[in-house]
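Below are the chains, spelled out letter by letter.
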Amino acid sequence: MKMPYIPQDAPFSEDQRVWLTGFLAGMSSRLVVGGSDAPAAAGGGQLPAMHVLYGSQTGNAEGVAEDAAAAARSQGFAPVVSALDDVDTDALAAMHRVLVVTSTYGEGEMPDNAELFWQALAAETAPRLENSDFAVLALGDTGYDGYCQAGKMIDTRLEQLGARRVTPRVDCDVDYEDTAAAWVADTLPLFAAVEGMRGESPVADVAEPETKPARKRSQWNRKNPYASTLSVNRRLSSDTSAKEIRHYEFALADSGLEYEAGDALGVMPINDPALVDALVSRLGIPADAAVTGKERPFSDLLLHGYEISTPSHEFIDEIEKRAGDEELSHVLRHGDKEALDAWLWGKDVLDLLLLEPSVTLTADEFVGLLKPLQHRAYSISSSPLANPGSVHLTVASVRHSSAGRDRGGVCSTFLADRIAEGGSGGIFVSKNKSFRVPANDDAPMIMVGPGTGIAPFRAFLQERQARGASGRNWLFFGDQHRASDYIYEDEIGAMSDSGLITRLDLAFSRDQAEKIYVQNRMVENGAELFAWLEDGGHFYVCGDATRMAKDVDRALHEVIATHGTLSTEQAADYVTTLKKEKRYLRDVY
């Protein structure tokens, strides 16, 4: 049976063509899926393969990819879902229909599970893709430079290699769900139209395309978080520490929320009421003023609905136009990102409004310049096997003073100050399937997690203990001072004494004249570290992406080159192999 399509020279507008191809694709899918006499392809496949490829750092893009696969299946395709790094370019060249869904990490970088794919795709040796039709959906955050950059780069490169774009790329901001669903619904029928134009029969590209069961959706998500009771709110770092690191435990009760070691917990914060009151006072808008199209009054919207600590680009631009501040105008005029970041450091929305007291905004104007309040994701620091019915977090409270006001991280101080034990907060689980304990319980595990980077490794160690895993475990941990910053010291000591932690290397940077960090400990113990890798060890990193993770990566390359007697290029190849084998994994932020 041929899939019906609209001929290219048919006298229809683009909108009419899209609607008709979608209608015909839907009819065709019902015939193919529902008909018992649907012809089988040579290898047993009955439907054309739709390759859905994703690059995901926190699980959002993977979730969209799985939704797209379910929609493709309903429209008569056989979806094959893969992480981008699981696809080599030769296999890509054989794919006829490709949907790419990718997030962007950091300031315009590829997600960890798309990095190797991009390196191969960008190389001069990448194959031509004239036989491929593709579409790209990019997820990002307009609050960052490099918005949706990973998707933009892949989209452009696929076209450069000769693949045919069936529809323009769509870029999604943080509220991506509705846009992504509309893109999937609009895009899939276009592949059916292209299918007919190319005269291809609906035969699978692979003998038996892999299909995944539809993902189990939790009723709890960022738009509908579960109101969980906070059962524990305990300070871990000493009162003499320069940092305030706290341990939290949320009760799952009968929520049905499920998580695994390696996942993240999304927490929906509530803004600081003092900042809300100050904004209401500065703007001279009644707290109970109505906002067009919103059910909540003005002050309630600021408390629960919008980002008021981090100014949006739109708000900054508008204030620059109205305030006449020479320094801000100079920074924006020259487009210097570093200078703008330095100027904005520590400033919130109120600071910008105070630049010029004569600037006035209506409630509608003000709210229209703000970004929606977003959840904050934290690495889970517990294993459900060891802690049934609860989920733990390890969070550093962000605090500082500026311009005569105390400032704080939106969510970290919400947790520390505004939820007492017994109170409740909105939570949901963000899956991170790319960051897991080794499936092989005998495999060695090397964990590098200074400061709050210990969080997922506390979960990993609990998981391995509960599973009775026999694999060796090596933990690198550190912070500023042992006396005040050795969080979970009793637990780590007990794990070490019991043999669960086979080797423990500590690096407290400011306990001696020369600062010592976890990467220094790696190099000092390079011979044994390399031996663990040679023995099949899995290498994990969690923590600061800007400096620590990069320093650890350089140290890893140095260890491999030195103790593997390899050149710089050969050491880089070794690390690439670790990544391909999913033995070098990161949870960085």
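### So, the overall build of the chain
- For the chain, the helix and strand inventory stands at 21 helices and 19 strands.
- Counting every position in the chain, which comprises 589 residues, the buried fraction comes to 52%.
- When contacts within the chain are restricted to residue pairs at least 6 apart in sequence, long-range pairs at least 24 apart make up 78% of them.

### Here's the deal with helix α10 (residues 326-334)
- Buried within α10 we find Leu328, Ser329 and Val331. Buried residues of α10, seen end-on, are gathered within an arc of 165° and therefore sit on one face of the element. Among the exposed residues of α10, those oriented more than 90 degrees off its buried face are Glu326, Glu327, Arg333 and His334.
- For α10, the secondary structure elements touched by its buried residues are α9 (313-323) and α11 (337-344).
- One or two residues past the end of α10 sits Gly335, with phi positive at roughly 60°.

### Quick notes on the packing of aromatic side chains
- Under the criterion given, the structure shown has 16 aromatic pairs.
- Seen from their ring centres, Phe435 and Phe457 are 6.2 Å apart, and the 45° between their planes marks the pair as tilted. With Phe435 in the loop between β14 (424-430) and β15 (445-448) and Phe457 in helix α15 (residues 455-467), the pair connects residues that are 22 residues apart, well separated along the chain. Neither Phe435 nor Phe457 differs from the other in exposure class; each is buried.
- Ring centres 5.5 Å apart and planes at 70° place the aromatic pair Phe539 and Tyr584 in the edge-to-face group. Of this pair, Phe539 sits in strand β18 (residues 538-543) while Tyr584 sits in strand β19 (residues 584-588), and the two are 45 residues apart along the sequence.
- Three or more aromatic residues joined by ring pairs make a cluster, and in this case those are Phe435, Phe457, Phe460 and Tyr540.

### Notes on the confidence of the model for the chain
- With 88% of its residues at a pLDDT of at least 70, the chain reaches an overall mean of 90.
- Throughout residues 1-9 the model reports pLDDT below 50, and contacts reaching past four residues in sequence, or to other chains, amount to 29 contacts.
- Note that residues 14-45 has pLDDT below 50 and, in this model, 46 contacts with residues that lie over four places away or in other chains.

### With respect to the nonpolar core
- Formed by 34 residues in total, the largest nonpolar core has its most connected members in Leu279, Phe298, Leu302, Phe315, Leu353 and Phe366.
- Of all the elements in the fold, those that place two or more residues in this core are α7 (273-283), α8 (298-304), α9, α10, α11, α12 (349-353) and α13 (363-368).
- No other element matches the five residues that α7 contributes to this core.
- The residues touching Leu302, leaving out its near neighbours within four places in the chain, are Asn271, Val276, Leu279, Val280, Ile308, Phe366 and Leu370.
- Counting 30 residues, the second-largest nonpolar core is a separate cluster that includes Leu529, Met548, Ala555 and Leu556.

### Things to note about the packing of helix α19 (residues 526-534) against helix α20 (residues 548-563)
- At a minimum axis separation of 9 Å, α19 and α20 run at an interaxial angle of 90°. What the angle tells us is that α19 and α20 run roughly perpendicular. Between α19, through Gly526, Ala527, Leu529, Phe530 and Leu533, and α20, the contact on the second element is made entirely by Leu556, Val559, Ile560 and His563.
- Of the residues in the contact of α19 with α20, the class split is seven nonpolar, two polar and no charged.

Calculation criteria
Note that residues are indexed from 1 along each chain, following the sequence as it is written. Given that this is a predicted model, residues contribute local features only at a pLDDT of at least 70 and side-chain atom pairs are listed and counted only at 80 or more, while totals for whole chains, interfaces and linings are drawn from all residues. Values shown for side chains rest on all heavy atoms present in the structure; no hydrogens or waters enter the calculation. Only DSSP runs of H or I covering at least 4 residues are called helices, and only runs of E covering at least 2 are called strands; the numbering of each starts at the N terminus. Using a 1.4 Å probe on the protein chains alone, a residue whose accessible area is under 20% of its type maximum counts as buried, one over 50% counts as exposed, and one in between counts as partly exposed. In what follows, residue pairs with any heavy atoms lying within 4.5 Å of each other are defined as contacts. Here, the arc refers to the directions that run from the helix axis to the C-beta atoms. Paired rings are identified among Phe, Tyr and Trp, the last through its six-membered ring, by centres lying within 6.5 Å, and are further divided according to the angle between planes into stacked (under 30 degrees), edge-to-face (over 60) and tilted (the rest). By definition, pLDDT measures how confident the predictor is in each residue, and it falls between 0 and 100. In plain words, nonpolar cores are sets of buried Ala, Val, Leu, Ile, Met, Phe, Trp, Tyr and Cys residues tied together by side-chain atoms within 4.5 Å. In this description, a line fitted to the C-alpha atoms serves as the axis of each element, helices being fitted only across the stretch in contact, and the angle between N-to-C directions of two axes falls anywhere from 0 to 180 degrees. Between 65 and 115 degrees an angle is taken as roughly perpendicular, under 35 as roughly parallel, over 145 as roughly antiparallel, and anywhere else as oblique. Charged means Asp, Glu, Lys or Arg here, nonpolar means Ala, Val, Leu, Ile, Met, Phe, Trp, Tyr, Cys or Pro, and polar covers whatever is left, Gly included.

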